[in-house]
Amino acid sequence: MGSTENSTDNAIKRLLLLQAMSALGPAVELGFHIDAGQFERDLQAFQGDWKPYNPRKNIARQGLSLTSLDGGLGGIPDLDSLMEYNG
C-alpha cells in the first residue's frame, strides 16, 4: 500500500470517527457525579503546587501538573506547549 493510499485511509477513518462523534449530539451523559465541595477539599492538599499553564505565552491561567515526566508537580512538560517544548 502506497503512502497516498495510507494517507487516504487515515483521512477516511478520521472522518468516520468525527461523524460518529457528532452523531452523539452536543452532550453525552457520563453517569457519574462529582461532589464539588469534596473536590475543593481534596484540592487543598495541592495548595501552592499550581504552575503557569503554557508558560511560554501570556495566559492568565494556572494548572495542576498531573502527568509530568518525572512524576512530580513541576509542570514540565505537561503544562507547557508540546509543540514548543524541546526538553
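Residues numbered from 1 in each chain as written. Predicted model: local features only at pLDDT ≥ 70, side-chain atom pairs only at ≥ 80, totals over all residues. Heavy atoms only, no water.

**Points about the confidence of the model for the protein**
Quick reminder of the rule: pLDDT gives the predictor's per-residue confidence on a scale running from 0 to 100. Secondary structure is summarised from DSSP: a helix means a run of H or I of at least four residues, a strand means a run of E of at least two, and numbering begins at the N terminus for each.
Taken as a whole, the protein shows an average pLDDT of 84; of its residues, 92% reach a score of 70 or greater. Here helix H1 (residues 3-22) stands out as the least confident element of the protein, with mean pLDDT 84; helix H2 (residues 36-43) is the most confident, with 94.

**Observations concerning the pattern of salt bridges**
The cut-off we apply is this: By convention in these notes, a salt bridge is any Lys or Arg side-chain nitrogen within 4 Å of a carboxyl oxygen on Asp or Glu. Only protein chains enter the area calculation, which uses a 1.4 Å probe; residues under 20% of their type maximum are buried, those over 50% are exposed, and those in between are partly exposed.
Enumeration over the complete set of coordinates arrives at 1 salt bridge. In this structure, Arg56 and Asp80 form a salt bridge, with 2.9 Å as the shortest nitrogen-oxygen distance. In this pair, Arg56 is assigned in the loop between strand S1 (51-52) and strand S2 (62-63) and Asp80 in the segment after S2, connecting sequence segments 24 residues apart. The exposure class of Arg56 is partly exposed, given its relative accessible area of 43%.

**As for the environment of Asn54**
Threshold: For this analysis, residues touch if any pair of their heavy atoms sits within 4.5 Å.
Locating Asn54 in the fold gives a position in the loop between S1 and S2. Expressed as a C-alpha distance, the spacing of Asn54 and Asp78, which sit 24 residues apart in the sequence, is 8.9 Å. Ignoring anything within four residues of it in the chain, the contact list for Asn54 reads Ile59, Leu79, Asp80 and Ser81.

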